[in-house]
Structure formats: structure tokens, C-alpha cells
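Spelled out from the first residue to the last, the chains are:
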Amino acid sequence: MKKTLPKRDRKGRFVKKKSNILKAKTTNLRTTATICNPNTDPKKVVRAFRDVTSQNLSQREIRGLTKSGGAHLIVVELDNRNEAAYVGRVDGKGPHIFLIDPRFISEETFTHEVIHALQQYDPKRPSLDKELTIYPLSWEDVTLKEALTEAETIARVKKIDPTADNYYKDIKKDNPQYPSEKEMKKEDRKRLTGENDTPKGEKSVKIVHKKFKNLRISKFKYPKSKLTAKQQLKTKTIKRR
Ligand SMILES: [Zn+2]
């Protein structure tokens, strides 16, 4: 094998080879956890949450959430329908609080909930997000907010989980002629990004708004809502920031 000698400059000093690979700076979202379930290792949960957020959020998004308090996970068993929830910050201070059911620790759950935090705190998100984070919300607005969040989750995650399909189950119930929940979810991912592209930051928000009305998830409707997410979106005007 031919060996290349290290380069030297005119004075005979070794010249450092310039790398053309830019080292990706990875920032971690500052995360702590309180575990109310004896079988869950807090370190593992924190690590999993950091891994997911460092992959599925842009650097700007991570910095923004860390600056505004970081994340605090409370791992606790929730009632049957709830897998997780974004609680917010106490009096607008301290960390962003998330409730996570230990049975649903997954990439999709973490991504979905952290998008809720971004909707409230990221200044670069569209005006509609702000509107949908001021409570109390109508069932129609909750429907729209959840469907948009789910679409963005499916766009961002590295791997969709066809078994985690709560909202798609509701769609199937309302529209029995549609394909299975798993198929609908896969279809939506394809329509959003194709198989391998997983956008973050503003790009992921843009893609969701552009394609939303053609997604199965736009047909989602909470039982108490009179409108589907798609119908409710028609009643809104969205200003981009
Ligand atoms: Zn949600």
C-alpha cells in the first residue's frame, strides 16, 4: 500500500490537514426527570429524551427551549387514553414540564410533546400556534392542534411506529372505508416527506401546512368536536413569522 507522507511547509514544519467535514455541533436539551414509577431508571429516560430531541429538533429549537428553562420529565402512569402531556411552565418560570407514562416512552411520544412546547415558546412558529395555545380551547381547536402536532411528529421522527396509532384509530372509526390505521400513518409519512427525509425546525412546520389538507390525519376529530381538523383549519388565517 502506498503511504502518503505528511505534508510540510517551506520551513519543513508539518502542515495540519484541513478537514472538509464540518463537525456537527450537537447541543443537548437540558433535561431532568422525576420518576414516580419504581421500575424506570431516571438516567435512561433522560438519555432517551435527549437523544430524540437532539435528532428531531433543530439546534435553534434546542437552544430556545434550554434558554427558556430546559425540560423536566415526570414519569408517572396516566389514565387509559393519555400517553403523555405537555404541562407548560409554572407561572411562566422554570423548566418545561412533561408528563410521560412509562409504558409510552418512545421517539414519537417525546417528539409529539416537545412540539407542543415549541408551539408555545418558539417565536418563529406561525401565528396559528399561539392562537392554539391560549386556553380554554374549543374542541374544534383541540382537534386541529392535535392533528397538526401529529402530522409534524410523523414528519420529524426517524422511524414511524405503526403500532402507536391513537388518533388514526379515531379516524378509522369515523371513516370505516379508509385503509387500516397503520396504512394511513405510513401513507401520511410518504405524503409529507417520503421515506427518508426528516425535516426539523421551520422546514417541518412549513411542510405540514403545505400538505396538511391531503393527509389522512386532517380527518381527525375528537368525539366532542363538530368539525374535523381540516374543516377547522379553513376557518383560520395563518400569518407566518
Ligand atoms: Zn398532543
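Preceding this paragraph is the structure being described.
Some words on the nonpolar core
Argument step 1. Within the largest apolar cluster, 23 residues are counted, with the highest numbers of intra-cluster contacts made by Ala147 and Ala151.
Argument step 2. If you list the elements that add at least two residues to this core, you get helix H5 (139–156), helix H6 (166–174), helix H7 (181–193), helix H8 (201–211) and helix H9 (229–233).
Argument step 3. When residues of this core are assigned to their parent elements, the largest contribution, six residues, is made by H5.
Argument step 4. The residues touching alanine 147, leaving out its near neighbours within four places in the chain, are Ile217, Ser218, Phe220 and Ala229.
Argument step 5. In terms of nonpolar packing, the next biggest core, distinct from the first, is built from 21 residues, Leu29, Ala33, Leu57 and Leu118 among them.

As for the sheet that holds strand S3 (residues 84–90)
Sheet strands associate in pairs through backbone hydrogen bonding, adopting either a parallel or an antiparallel arrangement.
Argument step 1. Spatially, four strands are ordered S1-S2-S4-S3 in an open sheet, and the strand pairing comes out mixed. Edge positions in the sheet fall to strand S1 (31–35) and S3, since each of these pairs with one other strand and no more. For this sheet, the mean angle separating the axes of adjacent strands, direction not counted, is 20 degrees.
Argument step 2. Sitting on the sheet, helix H1 (residues 42–56) is in contact with S1 and strand S2 (71–75), with an inclination near 140 degrees to S1.
Argument step 3. The strands touched by helix H3 (residues 107–121) within the sheet are S3 and strand S4 (93–100), with S3 carrying the most contacts at an inclination of about 35 degrees.

Re H8
Argument step 1. The complete set of buried residues in H8 reads Ser204, Val205 and Val208. End-on, the buried residues of H8 take up no more than an arc of 100 degrees, which puts them together on one face.

Calculation notes
- Residues numbered from 1 in each chain as written.
- Predicted model: local features only at pLDDT ≥ 70, side-chain atom pairs only at ≥ 80, totals over all residues.
- Core = buried A, V, L, I, M, F, W, Y, C linked by C-beta atoms within 7 Å.
- Buried ≥ 20, exposed ≤ 12 C-beta atoms within 10 Å, placed from the backbone.
- Helix = DSSP H or I, 4+ residues; strand = E, 2+ residues; numbered from the N terminus.
- Contact = placed C-beta atoms within 7 Å.
- Pairing = 2+ DSSP bridges.
- Axes fitted to C-alpha atoms, helices over the stretch in contact; angles between N-to-C directions.
- Arc of directions from axis to C-beta.

Worth remembering: the numbers are spatial, not functional.
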